[in-house]
Amino acid sequence: MLDIEDVESVGIWTTVVEKRVAIQVRPGATLRITGISLPFDLVPPRNPERGTLRAVLELSIRDNGQTTSKATVTILIPEKNEHYECKIDLFPGKEYVFEVQGNTVHILGHFLRPEDGAAPANSKTRTRRIIARPLGRSASVATTSTAGAEAGRAWSFR
């Protein structure tokens, strides 16, 4: 994958988030994330006594390069919770960053159409890979005021 990729803001969208490589997304239209999954091949931890095969996905909202909100989206664990179905809306005019601790995750979503109540796409969606510092333990908490709600409700990151 190139470091920067511009795609039309229609149809299906997907990306892979790897350990120590953050994915920055600037949607050109409302982008609904619908699924997050572990890959088929997992990378075992370097120190099996201390590490796990799980993956912790975090999502940040940035404004002028500064993180304004951050939340843990999901924790995926092999043979227990390998896929997370969700409705997380990312809006145009904002910058979002996905980071993972542990194993790689695959993210799938689609752009909402005007007939779904979304504004029409006004530009392409830019995805950029950023070499990231290793994440520490997540201290973020998802609340209804910052990032989401209990299971079954849609999340909107504005």
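Residues numbered from 1 in each chain as written. Predicted model: local features only at pLDDT ≥ 70, side-chain atom pairs only at ≥ 80, totals over all residues. Heavy atoms only, no water.

> I keep staring at the overall build of the protein and nothing clicks. Help me out?
Counting secondary structure elements, the protein contains zero helices and eleven strands. In the protein, the order of α-helices and β-strands from amino to carboxyl end is β-β-β-β-β-β-β-β-β-β-β. Out of the 158 residues in the protein, the part that is buried amounts to 39%. For the protein, the accessible area works out to roughly 9,400 Å², and carbon and sulfur atoms hold 49% of it. (Helix = DSSP H or I, 4+ residues; strand = E, 2+ residues; numbered from the N terminus. Buried < 20%, exposed > 50% of the residue type's maximum accessible area, 1.4 Å probe, protein only. Areas by Shrake-Rupley, 256 points an atom, 1.4 Å probe, with all protein chains shown as cover.)

> For this particular structure, what's the right way to read the nonpolar core?
One finds Ile 33, Ile 36, Leu 57, Phe 98, Val 105 and Ile 107 to be the most contacted residues of the largest nonpolar core, which totals 25 residues. Elements that contribute at least two residues to this core include exactly strand 2 (12-17), strand 3 (21-26), strand 4 (31-37), strand 5 (55-63), strand 6 (66-76), strand 7 (83-90), strand 8 (95-102) and strand 9 (105-111). (Core = buried A, V, L, I, M, F, W, Y, C linked by side-chain atoms within 4.5 Å.)

> Please clarify how the pattern of salt bridges should be interpreted in this entry.
Between side chains of opposite charge, a pair can form as their charged atoms come close. On inspection of all chains with the given rule, the structure shows nine salt bridges. When the shortest N-O distance is used, the salt bridge between Arg 26 and Glu 95 registers 2.7 Å. Placement of Arg 26 in strand 3 and of Glu 95 in strand 8 is noted, with a sequence separation of 69 residues between them. A residue is classified by how much of its surface remains accessible, and Glu 95, at 10% relative accessible area, is buried. (Salt bridge = Lys/Arg side-chain N within 4 Å of Asp/Glu carboxyl O.)

> It is not clear to me how the sheet that holds strand 10 (residues 125-131) should be interpreted in this structure. Could you clarify?
Within a sheet, each strand pairs with its neighbour through backbone hydrogen bonds, oriented either parallel or antiparallel. One open sheet holds the six strands; their spatial order is 1-10-3-8-5-6, and the pairing between them is antiparallel. Sheet topology places strand 1 (4-7) and strand 6 at the edges, where each strand pairs with a single neighbour. On average, adjacent strands in this sheet sit at an angle of 20° to one another, irrespective of strand direction. Pairing of strand 3 with strand 8, which is carried by three bridges, proceeds in the antiparallel orientation. When the sheet's bridge partners are listed, Ile 23 is paired in strand 8 with Phe 98. (Pairing = 2+ DSSP bridges. Axes fitted to C-alpha atoms, helices over the stretch in contact; angles between N-to-C directions.)

> Explain the confidence of the model for the protein to me, please; I cannot follow it from the model alone.
Segments scoring low in pLDDT should not have their predicted coordinates read at a detailed level. For the protein, the average pLDDT comes to 82, and 80% of its residues sit at 70 or higher. No element of the protein has a lower mean pLDDT than strand 11 (residues 155-157), at 56, and none a higher one than strand 9, at 97. The model gives residues 139-153 a pLDDT under 50, and that stretch makes 15 contacts with residues more than four places away or in other chains. (pLDDT = per-residue confidence, 0-100. Contact = heavy atoms within 4.5 Å.)

> What exactly am I supposed to notice about the side chain of Glu 58 here?
Secondary-structure assignment places Glu 58 in strand 5. Of the residues examined, Glu 58 reaches a relative accessible area of 5% and is grouped as buried. At 3.4 Å, the side chain of Glu 58 forms a polar contact with the side chain of Lys 70. (Polar contact = N/O pair within 3.5 Å; in protein donor to acceptor, adjacent residues only side chain to side chain.)

> Would you take a moment to explain unusual backbone geometry for this structure?
Non-glycine residue Arg 20 carries a positive phi angle of around 65°. As for its placement among the helices and strands, Arg 20 is situated in the loop between strand 2 and strand 3.

> Help me out: how do you make sense of the environment of Pro 114 in this one?
Residue placement: Pro 114 occurs in the loop between strand 9 and strand 10. In this structure the C-alpha to C-alpha distance between Pro 114 and Ala 29, which are 85 residues apart in sequence, comes to 9.7 Å.

> Just to check I follow, could you spell out the pairing of strand 5 for this structure?
Along a regular strand, successive side chains alternate from one face of the sheet to the other. In terms of burial, strand 5 is a largely internal element, seven of the nine residues being buried. Here strand 5 runs beside strand 6; their pairing, made up of nine bridges, is antiparallel. Counted as the bridge partner of Leu 57 is Thr 74 from strand 6. Here eight bridges tie strand 5 to strand 8, and the two strands are oriented antiparallel to one another.

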